[in-house]
Amino acid sequence: MEPLKFKTNIKCGGCIAQVTPHLNALEGIDKWEVDTNNPNKILTVSTTKLKADQIKEVVRRAGYVAETI
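Residues numbered from 1 in each chain as written. Predicted model: local features only at pLDDT ≥ 70, side-chain atom pairs only at ≥ 80, totals over all residues. Heavy atoms only, no water.

Colleague: Sorry if this is basic, but what is going on with the overall build of the chain here?
Modeller: If you tally the helices and strands in the chain, you get two helices and four strands. Beginning at the N terminus, the succession of helices and strands in the chain can be written as β-α-β-β-α-β. Taking the principal axes of its C-alpha atoms as reference, the chain extends roughly 25 × 20 × 15 Å. Residues classed as buried in the chain amount to 36% of the 69 residues present. (Helix = DSSP H or I, 4+ residues; strand = E, 2+ residues; numbered from the N terminus. Buried < 20%, exposed > 50% of the residue type's maximum accessible area, 1.4 Å probe, protein only.)

Colleague: Can you walk me through the environment of Ile-10 in this structure?
Modeller: With respect to the secondary-structure elements, Ile-10 resides in the loop between β1 (4-8) and α1 (13-24). Separated by 29 residues in sequence, Ile-10 and Pro-39 have C-alpha atoms that sit 11 Å apart. Excluding its chain neighbours within four sequence positions, the residues that come into contact with Ile-10 are Cys-15, Ile-16, Val-19, Val-34, Thr-36, Lys-41, Val-59 and Tyr-64. (Contact = heavy atoms within 4.5 Å.)

Colleague: What's the story with the pairing of strand β3 (residues 42-47) in this structure? I'm lost.
Modeller: On a regular strand, one side chain projects to one face of the sheet and the next to the other, so that they alternate. Most of β3 sits out of view: five of its six residues are buried. Of the pairings in the sheet, the one linking β1 to β3 comprises four bridges and is antiparallel in character. Counterpart to Leu-4 in the pairing with β3 is Val-45. When strand β2 (residues 29-35) meets β3, the two strands line up antiparallel, connected through six bridges. The residue of β3 that forms the bridge with Glu-33 is Thr-44. Turn length for the β2-β3 hairpin, with the two strands adjacent in sequence and antiparallel, is six residues, and the turn residue Lys-41 shows positive phi of about 50 degrees. (Pairing = 2+ DSSP bridges.)

Colleague: Where do I start with the sheet that holds strand β4 (residues 66-68) in this structure?
Modeller: Whenever strands of a sheet pair, they do so through backbone hydrogen bonds, lying parallel or antiparallel. Reading across from one edge, β2-β3-β1-β4 is the order of the four strands in this open sheet, with antiparallel pairing throughout. If you trace the sheet from one side to the other, it starts and ends with β2 and β4, each paired once. Each strand axis lies, on average, 25 degrees off the axis of its neighbour in the sheet, ignoring direction. Docked against the sheet, α1 engages β2 and β3, running at close to 165 degrees with respect to β2. (Axes fitted to C-alpha atoms, helices over the stretch in contact; angles between N-to-C directions.)

Pasting the structure below:
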């Protein structure tokens, strides 16, 4: 399965540190990363169990925005 990709407002290491416990606590994520060098701050999530809306909700609860791309 293709990884899920999201445009986010996760800009820096501090932002990543804030969202890390939320994403790590979500069952079903095999791997995730944020490309803060990309102007769209792309969050890539490898999962076979979760839907894009579930990821977006967890990111929202952490205080950030994620839009499916």
